[in-house]
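The residues making up each chain are set out below.
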Number of protein chains: 2
Amino acid sequence: MTSRQNMLRVAELAQVSIATVSRVINSPDKVSPETRQRVLGVMQQLNYTYNVLAGSLTRQRSMTLGLIVPTITNPIFAESTRGVQERAARQGYTLLIGNSDYQADEEARLVRTFRQHRVDGMIVTSSHPDSPALLEAQRAGVPVVLTYSSRLRSPLPSVGVDNQAAAAEAVGYLIRLGHTRIAMLAGTFQSSDRSYARYLGYNAALAAHGLPRDPALLLEVPYAPEAGANGLLRLLDQPGPPTALFCSNDILAFGALRAALDRGLSIPGDLSIIGFDDSPMAALTNPRLTTVAQPAYAMGERACDMVLALVAGTPPETTALVLPTSLQMRETTGAPPPHVAATHQLT
Amino acid sequence: MTSRQNMLRVAELAQVSIATVSRVINSPDKVSPETRQRVLGVMQQLNYTYNVLAGSLTRQRSMTLGLIVPTITNPIFAESTRGVQERAARQGYTLLIGNSDYQADEEARLVRTFRQHRVDGMIVTSSHPDSPALLEAQRAGVPVVLTYSSRLRSPLPSVGVDNQAAAAEAVGYLIRLGHTRIAMLAGTFQSSDRSYARYLGYNAALAAHGLPRDPALLLEVPYAPEAGANGLLRLLDQPGPPTALFCSNDILAFGALRAALDRGLSIPGDLSIIGFDDSPMAALTNPRLTTVAQPAYAMGERACDMVLALVAGTPPETTALVLPTSLQMRETTGAPPPHVAATHQLT
DNA sequence: CTGAAAGCGCTAACAC
DNA sequence: GTGTTAGCGCTTTCAG
């Protein structure tokens, strides 16, 4: 065939060179108004669709960014995804998305795939922030920014929150309400350093108030409502049950709340519950969930801005952005039941 | 420089031609075990990363699929997205994702962008199923499959549910429970034909039972909890308030439930509520939400299988797949309050 | 302001 | 089995 190259066809019909067509697309002002109009017209009538792939190949820039989250199914990640997307689109970038399911190997696989697709940068909520795949990508020149965790001394830039401090604040609140037996339902540490950081905060708060740390009060579970429900039940069914529960995310809290209600407990009369994330549903449950709010959407935006800056070669001012969290005191928290407090005093 | 082409570098070091390198990647068995190992070794030591972009250019296949949903923020779409992703990944495909925000023009923009990125096919939960952009993509040879709606006579293939029948079933249930004043909170018709189909089902159910259709009982609102809450309040604050509410999605129902509870209504004692989607939270609210379940994950899987079949040139058996829905009768529905029933009898 | 030409990294015949 | 050689569609100096 004569010419399959789309741009060439446009060029021929418009009586200009292919270079000119390229120019009206990439730098319109470098072309005289007349020719530009003519070319534009032909593109229209030919229904020409620019081939980003070809452009990316020569230009060494794919105009795509890779986004990896544990699971888009968790509203908090859906939220930050929107943030990333909004900023990316604004800059002409398109997103490749993948779910790691909190699995380090799946995360690594995604990183590899994205690199093959030559993403210009990636934003990842990692299950394993020191993953070789991530470091290697960065070493290979693909900017990577971590989200949701603040690893100040990580080799990878990040935009997150201070999980430990936020958790400590939540637990501190419980303590101030009078609770002394506070349990924690934590997402599996191994698959999320955030969960572990929150656990550290929980511990810190207990320690700060001179409260003993009871191993029986900590349960590491997968991030699922059922796990939250079963977890709470197990916690409750042991001697010296807790009067308050801190969950490392809202999903767990929702499950726990449901289980508590099913068991006929009054919330927060019999049990206080605090979640983490402040996902949209937190303000809608009955009773409304007290939880730690994270600026998810903003986190996505900032992370996107950061990779884009890195891509552009503009070193961002900070390489470790820590966004503020805020405890949303709602209806699932209150003073511990009087008899329990009394019991506790006796021991 | 001598040779920037990655494959060439591998080829040189491995003492083979670039074609052979390509072969060990795409059809390993066409290469002798020894050379293959040698090449593999070099790739390893060079840390070679295959360039999908370049491959796509020659092969005319990008190994990417475009996915467009109204908003990934709605759990039901997050769910189907996972389904799509799972199937896509299994076939070596990567996903480009975009949110249309129920906006036809944004959807069109995404379609254009995806086409420029040469996606091999797209799956879209459209806000405007007959959108020229969609039809044009299909005409241009890019398979498009619609999700969530069943448009049997649409020119575009789809995998969805029978929204109208599902809605009719839900409303029919309410009627059988004894309700006669049933309101509907519907997502804006203009931005979702699914919402309209559900409205049609609502109407059909009323008609089938000889119930009058009261325009004052229908409210078209945006898909947001606040809209659900305010909507219900408006519905309630008019003469002859409804005793039951059918919402065109769970988000609206969650908002309405919250507002009803805040107003001190007993649910379902004073008001019955039914949602649509059966998003994960529906079974966790207090009381649990009665809602119409859609097989979101499966829908995503099937849609992905369908585009992939289309991409491969294998005409799928059906071009309009309708998946079953099922009414999940939980705790937000019950008989109407006795006095209202009495009142109604008087009129 | 516009054109010619050398790639970008890989694939796919077609030979050997 | 393995190598040669045209491209795939676009960008980008470098001239003019």
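The structure presented is a predicted model; accordingly, all values stated were derived computationally and were not measured.

Rules used throughout
- Residues numbered from 1 in each chain as written.
- Chains lettered and ligands numbered in written order.
- Predicted model: local features only at pLDDT ≥ 70, side-chain atom pairs only at ≥ 80, totals over all residues.
- Heavy atoms only, no water.
- Pairing = 2+ DSSP bridges.
- Helix = DSSP H or I, 4+ residues; strand = E, 2+ residues; numbered from the N terminus.
- Axes fitted to C-alpha atoms, helices over the stretch in contact; angles between N-to-C directions.
- Contact = heavy atoms within 4.5 Å.
- Near = heavy atom within 4 Å.
- Polar contact = N/O pair within 3.5 Å; in protein donor to acceptor, adjacent residues only side chain to side chain.
- Nonpolar A, V, L, I, M, F, W, Y, C, P; charged D, E, K, R; others polar.
- Least-squares fit on C-alpha atoms with pLDDT ≥ 70 in both.
- Domains from an automatic or database assignment.
- Buried < 20%, exposed > 50% of the residue type's maximum accessible area, 1.4 Å probe, protein only.
- Right-handed = clockwise from strand over helix to strand, strands pointing away.
- Core = buried A, V, L, I, M, F, W, Y, C linked by side-chain atoms within 4.5 Å.
- Buried area = accessible area lost by both parts, 1.4 Å probe.
- Salt bridge = Lys/Arg side-chain N within 4 Å of Asp/Glu carboxyl O.
- Phe/Tyr/Trp six-rings, centres within 6.5 Å; stacked < 30°, edge-to-face > 60°.

Glancing now at the sheet that holds strand E8 (residues 244-247) of chain B. Within a sheet, each strand pairs with its neighbour through backbone hydrogen bonds, oriented either parallel or antiparallel. Residues and elements named next belong to chain B. The mixed open sheet is built from six strands, whose spatial order is E7-E6-E8-E9-E10-E12. Lying at the two open borders of the sheet, with one neighbouring strand each, are strand E7 (218-221) and strand E12 (326-328). Taken over all neighbouring pairs, the strand axes of this sheet differ in orientation by 20 degrees on average, direction set aside. Across four bridges, strand E6 (residues 182-187) lies against E7 in parallel orientation. Among the inter-strand pairings, methionine 184 is bridged to a residue of E7, identified as leucine 218. Contacting E6, E7, E8 and strand E9 (272-277), helix H9 (residues 193-208) runs over the sheet at an angle of about 165 degrees to E6. Relative to the sheet, helix H10 (residues 225-236) contacts E6, E7 and E8, its axis offset from that of E6 by approximately 150 degrees.

Moving on, we get to the protein's contact with DNA strand C. Taken together, 29 residues are adjacent to DNA strand C, and Arg23 and Thr58 of chain A together with Met7, Tyr48 and Tyr50 of chain B come closest. A distance of 2.9 Å is found between a phosphate oxygen of DNA strand C and a backbone nitrogen or oxygen belonging to serine 32 of chain A. Arginine 59 of chain B places a polar side-chain atom, nitrogen or oxygen, 3.1 Å from a phosphate oxygen of DNA strand C. Looking at the surface near DNA strand C, the elements with two or more residues in it are helix H2 (18-26) and helix H4 (52-59) of chain A together with helix H1 (6-14), helix H2 (18-26) and helix H4 (52-59) of chain B. Ranked by residue count, the leading element in the surface near DNA strand C is H2 of chain B, at five residues. Here the residues of the surface near DNA strand C are counted per class, giving ten nonpolar, 13 polar and six charged.

On to the relation of the copies chain B and chain A. Of the two same-sequence chains, chain B is brought onto chain A (RMSD 0.0 Å, axial shift 0.0 Å) by a rotation of 180 degrees. This pairing of chains is accounted for by a two-fold axis. For chain B, the smallest separation between a C-alpha atom and the rotation axis is recorded for leucine 96 of chain B, amounting to 2.3 Å. Looking at chain B, 100% of its interface residues are interface residues in chain A too, so the copies touch through the same face.

Moving on to the domain arrangement of chain A. Splitting chain A by domain gives domain 1 (3-58), domain 2 (61-159 + 296-323) and domain 3 (163-294 + 328-346). The centre of domain 1 of chain A, based on its C-alpha atoms, is set 33 Å off from the matching centre of domain 2 of chain A.

What follows deals with the protein's contact with DNA strand D. DNA strand D sits among 28 residues. The nearest are Ser22, Tyr48 and Tyr50 of chain A together with Arg23 and Thr58 of chain B. Sugar plus phosphate, as a fraction of atoms of DNA strand D within 4 Å of the protein: 62%. Arginine 59 of chain A places a polar side-chain atom, nitrogen or oxygen, 3.0 Å from a phosphate oxygen of DNA strand D. Broken down by secondary-structure element, the contributors of at least two residues to the surface near DNA strand D are helix H1 (6-14), H2 and H4 of chain A together with H2 and H4 of chain B. Partitioned by chemical class, the residues of the surface near DNA strand D number ten nonpolar, 14 polar and four charged.

Residue and element names in this part refer to chain A. Here serine 195 shows up in helix H9 (residues 193-208). Using a relative accessible area of 0% as the deciding quantity, one classes serine 195 as buried. With near-sequence residues (within four places) excluded, serine 195 lies in contact with Met184, Ala186, Gly187, Thr188, Phe189, Tyr223 and Ser248.

What follows covers the pairing of strand E4 (residues 144-148) of chain A. Each regular strand displays side chains that alternate between the two surfaces of the sheet. Residue and element names in this part refer to chain A. Burial analysis of E4 places five of its five residues in the buried class, which makes it a mostly covered element. In this structure, strand E3 (residues 121-124) lies alongside E4, joined through three bridges in parallel fashion. Opposite valine 124, over in E4, you have leucine 146 as the bridge partner. As for the winding sense of the linkage, the β-α-β connection from E3 through helix H7 (residues 132-139) to E4 is right-handed. Of the strand pairs in this sheet, E4 and strand E5 (residues 158-161) are connected by three bridges, and their pairing is parallel.

Okay, the nonpolar core next. Membership of the largest hydrophobic core comes to 98 residues, with the highest contact counts inside it found for Tyr202 and Phe246 of chain A together with Tyr202 and Phe246 of chain B. Excluding residues within four positions of it along the chain, tyrosine 202 of chain B makes contact with Ala167, Val171, Ile182, Ala183, Met184, Leu217 and Phe246 of chain B.

Here the focus is the interface of chain B and chain A. Counting residues at the interface gives 53 residues for chain B and 53 residues for chain A. Carbon and sulfur atoms supply 54% of the area buried between chain B and chain A, which totals about 4400 Å² over both sides. Considering only the surface of chain B that becomes buried against chain A, Leu53, Arg82 and Arg258 of chain B emerge as the three largest contributors, covering 16% of it. Linking chain B with chain A are six salt bridges. Remark: the boundary between chain B and chain A carries 21 residue pairs in polar contact (both at pLDDT 80 or more). Every element with two or more residues in the side of chain B that touches chain A is listed here: H4, helix H5 (75-90), strand E2 (94-99), helix H6 (104-116) and helix H11 (250-262) of chain B. Split by residue class, the side of chain B that touches chain A holds 21 nonpolar, 20 polar and twelve charged.

It is worth spelling out the packing of aromatic side chains at this point. All names here are of chain A. Evaluation of the coordinates by the stated rule reveals twelve aromatic pairs over all chains. When the centroid spacing of 5.1 Å and the interplanar angle of 80 degrees are considered together, the rings of phenylalanine 189 and tyrosine 196 count as edge-to-face. Overall, tyrosine 196 belongs to the partly exposed group, its relative accessible area being 39%. Ring geometry for tyrosine 196 versus tyrosine 199: centroids 5.9 Å apart, planes at 45 degrees, classification tilted. One end of the pair, tyrosine 196, and the other, tyrosine 199, are both in helix H9, three residues apart, so they sit about a helical turn from each other. Among the residues examined, tyrosine 199 registers a relative accessible area of 11% and is labelled buried. Counting every residue linked through ring pairs, the aromatic cluster contains Phe189, Tyr196, Tyr199 and Tyr202.

All chains considered together, the criterion is met by 26 salt bridges over all chains. Between arginine 90 of chain A and glutamate 86 of chain A there is a salt bridge, with the nearest N and O atoms lying 3.3 Å from each other. Here arginine 90 of chain A pairs with glutamate 86 of chain A, and both are found in helix H5 (residues 75-90), just four residues apart, close to one helical turn. Taking relative accessible area as the criterion, glutamate 86 of chain A reaches 24% and is therefore assigned partly exposed. Two residues, aspartate 237 of chain A and arginine 263 of chain A, come together in a salt bridge whose shortest N-O distance is 2.8 Å. Taken together, the residues span a long stretch of sequence, with aspartate 237 of chain A in the loop between helix H10 (225-236) and strand E8 (244-247) and arginine 263 of chain A in the loop between helix H11 (250-262) and strand E9 (272-277) at a distance of 26 residues. On the accessibility criterion, aspartate 237 of chain A (52% relative accessible area) is exposed. Arginine 263 of chain A gets classed as partly exposed once you look at its relative accessible area, which sits at 40%. Through salt bridges that share partners, Arg258 and Asp262 of chain A together with Arg288 and Glu331 of chain B make up one connected network.

A separate point is the sheet that holds E9 of chain A. All names here are of chain A. In spatial order, the strands read E7-E6-E8-E9-E10-E12; together these six strands make up an open sheet with mixed pairing. In this open sheet, the two strands that pair with only one neighbour each are strand E7 (218-221) and strand E12 (326-328). For this sheet the average axis-to-axis angle between neighbouring strands, irrespective of direction, equals 20 degrees. Pairing of strand E6 (residues 182-187) with E8, which is carried by four bridges, proceeds in the parallel orientation. The residue bridging isoleucine 182 from the neighbouring strand is alanine 244, located in E8. Packed onto the sheet, H9 meets E6, E7, E8 and E9 and runs at close to 165 degrees relative to E6.

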